[in-house]
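Working through the structure, step by step
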Amino acid sequence: MREQGQQEAQRQLMIIEQCKERIAALTREAGRPLTYHISTFGCQMNFKDSEKLAGILEQLGYVETDTEEADFVLLNTCTVRENANQKVYGHLGILKSYKKKNPHMMIALCGCMMQEELVVAKLRESYRFVDIIFGTHNIYKLAELIQTRLESKGMVIDLWQDAKEIVEDLPSVRKYSFKAGVNIMFGCNNFCSYCIVPYVRGRERSREPEDIIHEIEEMVSQGVVEVMLLGQNVNSYGKTLEHPISFAELLQRVEQIEGLKRIRFMTSHPKDLSDDLIEVMKNSEKICRHMHLPVQSGSSRLLEKMNRRYTKEHYLELVHKLRTAIPDISLTTDIIVGFPGETEEDFEETIDVVRKAEYDSAYTFIYSKRTGTPAATMENQVSEDVVKERFQRLLDVVAECSAKRTGRLEGETVEVLVEGISEQDASMVTGRLSNNLLVHFKGDESLIGSLCMVHLDQAKGFYYIGTKAD
Ligand code: 5AD
Ligand code: SF4
């Protein structure tokens, strides 16, 4: 498997070289550099994929531009909820008008939404101006797909049901020079009954620990100080490898990388969160004091229907263990409101968990019916009015809890990683605390990428205003 992946990477590098000449010829014809733009929807995995796709485009000679009025536009799509799909169709309408002005423009679509047959049928039928469609398993083939498009006239469609091999070591660009995402696994085997991810991202596959360590070491040598280990369910990392290794063991190995300062990871599934992991976090100098632990619902009855494989009590027990072992940990979560059959009592159980778990923040979602998932055909879909009213109540409780949690650190001095100039005020920079909260404080560009001590003057709900302390 691993050798096949390496061979495929070599083949792609050769194709990039050939395709580069074609793009150079087109550039000469145009008399200006050819531009590209990638619009990314959805989760961290998609953002990571977009960095790989940008790497290939830059190798080919395209230059990034910040508008979709470009020579090569790629929409990296998400399909977790229906409104994500609607956004893509909206963008396509605009892109069609750009293409009328620039007939050489190429429009490509990839990502989770493309793994759905109905979507692709609709695109074939009504969006003929799209040039290239590919999915989640073959992003490393972008240069080959562009080459095919340049040699043929019609729409190029390349979709795979599942991944063949893990292809690594292709060019990639990084949005930040000091922090980076690292895929440790792909896909998901959990089949939560509302979720489309297992159908569009395929079965769970872990990368070899050596490959992960090697990639991080490379990044650190280029100036990265913080990594985010990415997987749909990182707690089950390594179980299916030829030489199995646990996520806790992987973390211990990553911890030893010299020069690396901070380690983050997401997402954790409560059913697989081990005591070993809690122990490793507790003793670690580098693992950030933050855990994203999606609860989805507080009702054990609904959790069973969701196929989450834990109960409310089990979840709260985990929270208790985490808070006992790591008192300063911040917890965040995902919650779905309006899952089929959700009663007022079920919803109140969710509110109860929010209050007991004392989340620092929560991503709240209105249930969205995804065709092909078991929940889509469940009875008692909850009416829109009821869902909206519950959703608002949940937001209020979450905001109340966040404010309480954030207030606790007011007056303390903490270490932050400076990520950039503040979006609100150009005389300030924004830094991230170990617990993932943000602080804005006076500073300039020279601080970006550095770790510094900051006094948290004032808590503002879910961020702070501070002063540099050293
Ligand atoms: N409807 C609403 N939210 C969903 N999520 C996943 N599928 C759905 C759906 N069908 C949410 C879950 C998950 C997050 C990434 O998206 O809360 O944790
Ligand atoms: Fe979807 Fe559940 Fe897998 Fe998360 S763990 S991606 S919610 S199926």
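Here, the structure is the one placed above.
For the structure given in this document, a descriptive report is provided here. Everything numeric in this text was worked out from a predicted model, so none of it was measured.

Moving on, we get to the site of ligand 1. Every residue near ligand 1 is listed here: V80, R81, Y194, Q296, D334, I336, F365, I366, Y367, S368 and R370. The contact in question runs from a nitrogen atom of ligand 1 to an N or O atom on the backbone of Y194, over 3.0 Å. In this structure, an oxygen atom belonging to ligand 1 sits 2.6 Å away from a side-chain N or O atom of D334. Protein chains bury 85% of the 410 Å² of accessible surface belonging to ligand 1 in isolation. Residue assignment for the shell around ligand 1 shows that the elements contributing at least two residues are β13 (330–337) and β14 (361–366). Looking at the shell around ligand 1 residue by residue, the classes come out as six nonpolar, two polar and three charged.

Here the focus is the sheet that holds strand β4 (residues 106–111). The six strands lie next to each other as β2-β1-β3-β4-β5-β6, forming an open sheet whose pairing is parallel. Looking at which strands have only one partner, the edges of the open sheet turn out to be β2 (63–64) and β6 (156–158). Bridge count between strand β1 (residues 35–40) and strand β3 (residues 72–77): five bridges; the pairing is parallel. Of the residues in β3, the one forming a bridge with I38 is L74. Set on the sheet, helix α5 (residues 142–151) makes contact with β3, β4, β5 (132–134) and β6; between it and β5 the angle comes to about 145 degrees.

A word on the state of the cysteines. Linking two cysteines covalently via their sulfur atoms produces the bond known as a disulfide. Scanning the entire structure with this criterion turns up zero disulfides. The cysteine C110 is free of any disulfide, with C112 supplying the nearest cysteine sulfur at 9.2 Å.

A few words on the packing of helix α2 (residues 44–60) against α5. It is at 9 Å that the axes of α2 and α5 come closest, and there the two elements cross at 55 degrees. The orientation of α2 with respect to α5, classified from their angle, is oblique. Contacts between α2 and α5 involve L53, I56, L57 and L60 from the first element and L142, A143 and I146 from the second. A breakdown of the residues in the contact of α2 with α5 according to their chemical character gives seven nonpolar, no polar and no charged.

Our focus in this paragraph is unusual backbone geometry. Look at the link from M266 to T267: it is a cis peptide, with omega at 5 degrees. The phi angle at N307 is positive, at roughly 60 degrees, despite the residue not being glycine. Given the relative accessible area of 29%, N307 is considered partly exposed. In this model, E358 sits at a positive phi of 50 degrees, which is unusual for a non-glycine residue. Along the chain, E358 falls in the loop between α12 (344–357) and β14. With relative accessibility at 33%, the residue E358 sits in the partly exposed group.

What counts as what
- Every chain is numbered independently, its residues counted from 1 as its sequence is written.
- Starting at A for chains and at 1 for ligands, labels are handed out in the order in which the entities are written.
- Per-residue local features of the predicted model are confined to residues with pLDDT of at least 70, and side-chain atom pairs are confined, for both listing and counting, to 80 or more; whole-chain, interface and lining totals are unaffected and use all residues.
- Note that water and hydrogens are dropped before the side-chain values are worked out from all heavy atoms of the structure.
- Note on definitions. A residue lies near a molecule or strand when any single heavy atom of the residue is within 4 Å of it.
- The definition of a polar contact used here is a pair of N or O atoms within 3.5 Å, where within protein one atom must be able to donate a hydrogen and the other to accept one, and adjacent residues in sequence count solely through side-chain atom pairs.
- Surface accessibility in these figures is a Shrake-Rupley result with a 1.4 Å probe; residues are shielded only by whichever protein chains are displayed.
- Helix and strand assignments follow DSSP, with helices taken as H or I runs no shorter than four residues and strands as E runs no shorter than two, numbered in order from the N terminus.
- Throughout, the ten residues Ala, Val, Leu, Ile, Met, Phe, Trp, Tyr, Cys and Pro are labelled nonpolar, Asp, Glu, Lys and Arg are labelled charged, and all others, Gly among them, are labelled polar.
- Strands are treated as partners if at least two bridges between them are detected by DSSP.
- Here a residue-residue contact requires only that any non-hydrogen atoms of the pair lie within 4.5 Å.
- Fitted lines through C-alpha atoms give the axes, limited to the stretch in contact for helices. The angle between two N-to-C directions lies from 0 to 180 degrees.
- A pair of sulfur atoms, both from cysteines and within 2.5 Å, is called a disulfide here.
- Oblique is the label for any angle not covered by the other classes, which are roughly parallel (under 35 degrees), roughly antiparallel (over 145) and roughly perpendicular (65 to 115).
- Here the term buried applies to any residue with accessible area under 20% of the maximum for its type, exposed to any over 50%, and partly exposed to those in between, with areas from a 1.4 Å probe on protein chains only.

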